[in-house]
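# Structural description and commentary
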Amino acid sequence: MKKKKSVANSMLIAMALCGLSFISCGGSGGETFVEESLEQVTDFQLNISESSISVDFEASEHQIQLTASTNWIATTTASWIHITPAYGKTSTSVVVSIDSNTGAEDRDADITFKNDKNSVTLHVSQSKYVIKPKIGDYLYSDGTWSSQLDYEKTPLGIVFSTETTEKDKALGYKRGYAMTIAPPSMQYSYGVSWSTVSKKEFSDSYTTIQEALNDRDGLTKTMQIAQTDDYQNKYPAFYKAYNFLEDFYPEWTSPRFLPSAGQWRDIIVNLGEASSEYDFISEGGDVIWEVSTSIVNKINSYLEPCREHPSYIGFKALPGIYWYFKSGFYHCSTELSSTKAIVMHFALNEGWYLKGISYPVYYYFTRIGGLNKTSSMDTGHVRPCFAF
């Protein structure tokens, strides 16, 4: 009896894969499967929610909706496409998994869904492998990049991250973020406030600076502010970033944006080669790295060659040994409340109250901390970034 049941079950699985109707099979224990003939099936509905999928070279998964009223099967001749589930009896969600393309050519294939009467086709196309920029690369106006500055091309920025947020991926920017390079006629603005109004603008909420370091949505925040009436006067730091050299950047780059706290942390860690964890938290809750000089000098090592580039003669780098500012404040798009935002601060030989010390100590450090949005004392630089 057990042997006959095993054979019957094997037959059922095989017939489901082939899109056939169940055939009766009896066992010595009296088990009987009811035959479902083609004459009994009157509705052979079969539809899918999409007719094509187009992806880049990276591995990905896509979910489609399949509508079916009887047995169906999905097949493809492409070994780089995987279908889950590959067969069934009713409507369901189907996951199409696509392997990464490491080849030098684009590729495409079809997935065929069929039952006993009908078939539908899903076309899958995938682009060829493209070498991605790496941290510290110079990104040029023609869409290329290099680790050493090419004086025959126009550099747009320096790559500080090769991952973008889900929000920015949805906008089509999937490769990374870069910090802009300014020509001499468009030096980064100094002395602008975050805003001139006390108002909570964004839906996300952070109670500590450490939590705020998770925010990497500078682009969507800046784009949101750009839709605000009179944002030139209400949000001057965002205005300076969003309108930075509007006609200078090609269409494949995003609008310029005010980097978030997390994106500034990426610049400090990835370009400045600081430790990924801060050195300590000040009594006021600020995140502190103690090696400000080395961080600034390392970032400047990427920026300094641009001084000799024909497009950037006279360029000013970040505050440090290359610039007369002993200290520099940079606005972040991240806010803490209706009155407080985040500021990025390079302190070079500046007196600050740190570690419980009750008197000013001349100290070299890099700080991400709180900022009064509207105070004239809390004005600073705007260092725009862009996604690509």
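In what follows, the structure referred to is the one given above.
Residues numbered from 1 in each chain as written. Predicted model: local features only at pLDDT ≥ 70, side-chain atom pairs only at ≥ 80, totals over all residues. Heavy atoms only, no water.

## Remarks on the overall build of the protein
Scanning the protein for helices and strands turns up eight helices and 19 strands. Scored against the burial criterion, the 388 residues of the protein give a buried share of 45%. Sequence separation of 24 or more characterises 62% of the internal contacts of the protein that already satisfy a separation of 6 or more. (Helix = DSSP H or I, 4+ residues; strand = E, 2+ residues; numbered from the N terminus. Buried < 20%, exposed > 50% of the residue type's maximum accessible area, 1.4 Å probe, protein only. Contact = heavy atoms within 4.5 Å.)

## Points about the environment of Val95
Positionally, Val95 belongs in strand 7 (residues 92–98). Spatially, the C-alpha atoms of Val95 and His62 are 5.6 Å apart, while their sequence positions differ by 33 residues. If we skip the residues at most four places from it in the chain, Val95 touches Glu61, His62, Gln63, His82, Ile83 and Thr84.

## Comments concerning the sheet that holds strand 6 (residues 87–88)
Reading across the sheet, the five strands line up as 2-9-8-4-6 and stay open at both edges, with mixed pairing between neighbours. Sheet topology places strand 2 (52–55) and strand 6 at the edges, where each strand pairs with a single neighbour. Pairing of strand 4 (residues 72–75) with strand 6 involves two bridges; the strand directions are antiparallel. Paired with Trp72 across the two strands is Gly88, which belongs to strand 6. (Pairing = 2+ DSSP bridges.)

## What to know about the pairing of strand 7
Where strand 3 (residues 60–68) and strand 7 come together, seven bridges link them in antiparallel fashion. Pairing of Glu61 across the sheet is with Ser97, part of strand 7. As judged from the four bridges shared by strand 5 (residues 81–84) and strand 7, these two strands associate in the antiparallel manner. Paired with Thr84 across the two strands is Val95, which belongs to strand 7.

## Quick notes on the sheet that holds strand 19 (residues 385–387)
Spatially, five strands are ordered 11-10-12-13-19 in an open sheet, and the strand pairing comes out antiparallel. The open sheet has two free edges, formed respectively by strand 11 (145–146) and strand 19, since each of these has just one partner strand. Sheet topology note: the strand 13 (residues 177–180)/strand 19 ladder contains three bridges and is antiparallel. Residue Ala178 lies in a different strand from strand 19, and its bridge partner there is Phe386.

## Considering unusual backbone geometry
In this model, Thr84 is joined to Pro85 through a cis peptide bond whose omega is -5 degrees. Residue position: Pro85 is located in the loop between strand 5 and strand 6. Although it is not a glycine, Asp230 sits at a positive phi angle of roughly 55 degrees. Here Asp230 shows up in the loop between helix 4 (218–225) and helix 5 (231–234).

## Some points on helix 7 (residues 261–271)
In terms of residue burial, helix 7 counts as a mostly covered element, since 10 of its 11 residues are buried. Among the residues of helix 7, those classed as buried are Ala261, Gly262, Gln263, Trp264, Arg265, Asp266, Ile267, Ile268, Val269 and Leu271. Positive backbone phi, approximately 55 degrees, marks Glu273, located one or two places after helix 7.

## Concerning the packing of aromatic side chains
Each aromatic ring pair is summarised here by two numbers: the centre-to-centre distance and the angle between the ring planes. Using the criterion set out here, one finds 16 aromatic pairs in the structure. Between the aromatic rings of Trp194 and Tyr235, the centroid separation amounts to 6.2 Å while the plane-to-plane angle is 80 degrees, which identifies the pairing as edge-to-face. Of this pair, Trp194 sits in the loop between strand 13 and helix 3 (209–212) while Tyr235 sits in the loop between helix 5 and helix 6 (236–242), placing them 41 residues apart in sequence. What makes Tyr235 buried here is its relative accessible area of 2%. An angle of 80 degrees between the planes, with centres 6.4 Å apart, marks the rings of Tyr231 and Tyr242 as edge-to-face. A residue pair is termed long-range when its members are at least 10 positions apart, and Tyr231 in helix 5 and Tyr242 in helix 6 qualify at 11 residues. Residue classification places Tyr231 among the buried positions, given a relative accessible area of 12%. Of the aromatic side chains, those joined through ring pairs into one cluster are Trp194, Phe202, Tyr235 and Phe238. Positioned over the ring face of Phe44 is Lys117, at 5.9 Å from the centre of the ring. Lying over the aromatic face of Phe202, Lys221 brings its terminal NZ or CZ to 5.2 Å of the ring centre. (Phe/Tyr/Trp six-rings, centres within 6.5 Å; stacked < 30°, edge-to-face > 60°. Lys NZ or Arg CZ within 6 Å of the ring centre and 35° of its normal.)

Everything listed here is a matter of geometry and, on its own, says nothing about what the molecule does.
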